[in-house]
Amino acid sequence: MGSGSTGNALYCEAGGYGFLVDAGFSPRQIEGRLNSIGARAQDLQAILLSHEHGDHVRGAVPFSKRYGTPLHMNAGTSQGLTADWGGYPGDRVLFGTGNAFSLGPFEVNTFPIPHDAREPVGFLISFEGTKIGVAVDIGAITIDLVAALSGVNCLILEANHDRRLLEEGPYPSTVKARIAGPLGHLANDETAALLAQVQHRGLRQVVLAHLSETNNRPDRAKGTAKAVLDGSGVSLCVAASRRPTAVLQN
């Protein structure tokens, strides 16, 4: 649905069951973006939340209030959602990080991600033998991260910034240090290094996500990743921030 500092949301559907991973846009924006791909907001069965930062949860509570859509999250994200976005007595479903659970016809698992939130996670989403990995807002490459993403068929992966653009850019030095730090975001070359570790014959699609509009360029992110994936037959694209990316089908 869109990925970047202005908002993040991913729509998954199979067998007539649709859900979101994160809801970082207003309910009206989510409604419009879903409509543009032929989906309806009122048909959403769940929203999974990766962590409590605004670009991932800004629309979660008001959307849930409007449609009664259950919010699925771990305990840390639930605490952060209450502290940062106000109490909400609606339907919160808690999962344990690292534990598998069913969501309609999907099996979902989570894994820890290093980021400056309370309990940030990535998602592994499986349906009839196809596995999707979703990992954004990553400060560093970890053993858990590599292990989780090594067997996926489709990978939505952060490529947040180009090191040089970040260093020479307009952000204050403290913000630059946070972005480049071990609890911040992945640079293009780090994303490429991670792709090199998790690439395998079954990997068919890679979507580069959460690009900074200030500190990155789609051609730079794609070029760095392509150097690793070239010749592998993997389809590579960059997620847009202000409109839905083309629908990917298994």
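Presented here is a report on the structure given in the accompanying data block. Everything numeric here is computed off the predicted structure, so don't read it as measured data.

**Re the packing of aromatic side chains**
Going through the model one piece at a time under the given rule, you end up with seven aromatic pairs. Ring centres of Phe 95 and Phe 123 lie 6.2 Å apart, and the angle between their planes is 75°; this geometry places the pair in the edge-to-face category. Residue Phe 95 is located in the loop between β6 (92–94) and β7 (101–103), and its partner Phe 123 is located in strand β9 (residues 121–127); the two are separated by 28 residues in the primary sequence. Phe 123 matches Phe 95 in its accessibility class, with the two residues each being buried. The lysine or arginine in question, Arg 33, covers the ring of Phe 25, its NZ or CZ lying 4.1 Å from the ring centre.

**Details of the environment of Phe 111**
Following the sequence through the fold, Phe 111 ends up in strand β8 (residues 106–112). For the pair Phe 111 and Gly 98, spaced 13 residues apart in sequence, the C-alpha separation works out to 5.1 Å. With near-sequence residues (within four places) excluded, Phe 111 lies in contact with Thr 97, Pro 120, Val 121, Gly 122, Phe 123, Leu 124, Val 134, Ala 135, Leu 145, Ala 148 and Leu 149.

**Observations regarding unusual backbone geometry**
Phi is positive for Glu 128, close to 50°, though the residue is something other than glycine. On the secondary structure map, Glu 128 appears in the loop between β9 and β10 (130–135). Backbone geometry places His 210, a non-glycine residue, at a positive phi of 55°. For His 210, the location among the structural elements is in the loop between β12 (205–209) and α9 (218–229).

**What to know about the packing of helix α8 (residues 188–198) against α9**
The contact between α8 and α9 brings their axes to 9 Å, and the two run at 25°. With respect to α9, the element α8 is oriented roughly parallel. At the point where α8 passes α9, the crossing takes the right-handed sense. Across the interface between the two elements, Asn 188, Asp 189, Ala 192, Leu 195 and Ala 196 from α8 touch Arg 220, Ala 221, Thr 224, Ala 225, Val 228 and Leu 229 from α9. Counted by class, the contact of α8 with α9 contains seven nonpolar, two polar and two charged residues.

**Side note on the sheet that holds strand β13 (residues 235–238)**
With mixed pairing, the seven strands of this open sheet are ordered in space as β7-β8-β9-β10-β11-β12-β13. Edge strands, defined here as strands with exactly one partner in the open sheet, are β7 and β13. Neighbour to neighbour, the strand axes of the sheet diverge by 20° on average, direction disregarded. Here β8 pairs with β9 via six bridges, running antiparallel. Its bridge partner being in β9, Phe 111 is matched across the sheet by Gly 122. Packed on one face of the sheet, α9 meets β12 and β13 and runs near 160° to β13.

The rules behind these values
- Residues numbered from 1 in each chain as written.
- Predicted model: local features only at pLDDT ≥ 70, side-chain atom pairs only at ≥ 80, totals over all residues.
- Heavy atoms only, no water.
- Phe/Tyr/Trp six-rings, centres within 6.5 Å; stacked < 30°, edge-to-face > 60°.
- Helix = DSSP H or I, 4+ residues; strand = E, 2+ residues; numbered from the N terminus.
- Buried < 20%, exposed > 50% of the residue type's maximum accessible area, 1.4 Å probe, protein only.
- Lys NZ or Arg CZ within 6 Å of the ring centre and 35° of its normal.
- Contact = heavy atoms within 4.5 Å.
- Axes fitted to C-alpha atoms, helices over the stretch in contact; angles between N-to-C directions.
- Parallel < 35°, antiparallel > 145°, perpendicular 65-115°, else oblique.
- Left-handed = near helix turned anticlockwise from the far one by under 90°.
- Nonpolar A, V, L, I, M, F, W, Y, C, P; charged D, E, K, R; others polar.
- Pairing = 2+ DSSP bridges.

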